[in-house]
Amino acid sequence: MNVLSWNVLHRSHEKHYNPNSCILRAYSDDRARLDCIINVLSLHVSKETIVCLQECSGELLTLINSTFNASHDLLSQRIMSDEYLITLTPKFLKCHQDTRSIPKGANGYLSVSNSLMRIINCHLRPQFTVKDGNILSVISQEDMNIMTIVAGDFNENSNKVKKALIHKYRIPYFGPSYKKKKGLDHIIFNRML
């Protein structure tokens, strides 16, 4: 099985936080950008791929559902009026969405599972914006008696993620994001995998 995680950049966040973005310059029409996202996913997603997406618009959610509904179950969490976390799981996994509230310090935290494994798709806030405690401690407190994959935008560099979680998780190295040249997005897994 493959695991793919991608913060696809919600257009409104990009306009607000990064108005000179190369993404905004390249795609003045957001529908063209969404079509490109679907094309990239179609190239990289097989019927055995788990997909965790962050900062998805409602329009992208609809496009993903219509593109992958034959091979994957779509589970989503609404973050804001038009922002979602989306987790696609292969149909043969028969995953269901766990009932959990979004922890303090996270923009989103979507947990799905079956009897063998748990997949957590998260979009954490930058640590410097979290006043009470370390948001990575939420991940550290996950039940380690089930195979667990945590993927998403941690908004934290790999050295800090390793320091906080290495005792429970395997933390592979990932390359830098397109902005700020540091890796903020991670796919980690517990030691049962």
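Anyway, here's the lowdown on the structure attached to this text. Since the structure is predicted, the reported quantities are computational estimates derived from the model, not experimental observations.

Cut-off values and rules
- Residues numbered from 1 in each chain as written.
- Predicted model: local features only at pLDDT ≥ 70, side-chain atom pairs only at ≥ 80, totals over all residues.
- Heavy atoms only, no water.
- Axes fitted to C-alpha atoms, helices over the stretch in contact; angles between N-to-C directions.
- Helix = DSSP H or I, 4+ residues; strand = E, 2+ residues; numbered from the N terminus.
- Left-handed = near helix turned anticlockwise from the far one by under 90°.
- Contact = heavy atoms within 4.5 Å.
- Nonpolar A, V, L, I, M, F, W, Y, C, P; charged D, E, K, R; others polar.
- Pairing = 2+ DSSP bridges.

Structural notes on the packing of helix α3 (residues 30-44) against helix α4 (residues 58-68)
Orientation of α3 relative to α4, taken along the N-to-C sense of each, is 35°, at an axis distance of 10 Å. In the packing of α3 onto α4, the handedness of the crossing is right-handed. Contacts from Arg-31, Leu-34, Asp-35, Ile-37, Ile-38, Leu-41 and Ser-42 in α3 reach Glu-59, Leu-60, Leu-63, Ile-64, Thr-67 and Phe-68 in α4. By residue class, the composition of the contact of α3 with α4 is 8 nonpolar, 2 polar and 3 charged.

As for the pairing of strand β10 (residues 185-190)
Where strand β8 (residues 147-153) and β10 come together, 5 bridges link them in antiparallel fashion. By the bridge assignment, Asp-153 is partnered in β10 with Asp-185. As paired strands, strand β9 (residues 169-170) and β10 are joined by 2 bridges and run antiparallel to one another. Across the sheet, residue Arg-170 finds its bridge partner in β10, namely Phe-189.

Quick look at the sheet that holds strand β6 (residues 106-113)
Judged by pairing direction, the sheet is mixed, and its 6 strands sit side by side in the order β5-β6-β7-β8-β10-β9 without closing on themselves. The open sheet terminates on both sides in strands that have one partner only, identified here as β5 (96-97) and β9.

Read these as spatial facts, not as claims about activity.
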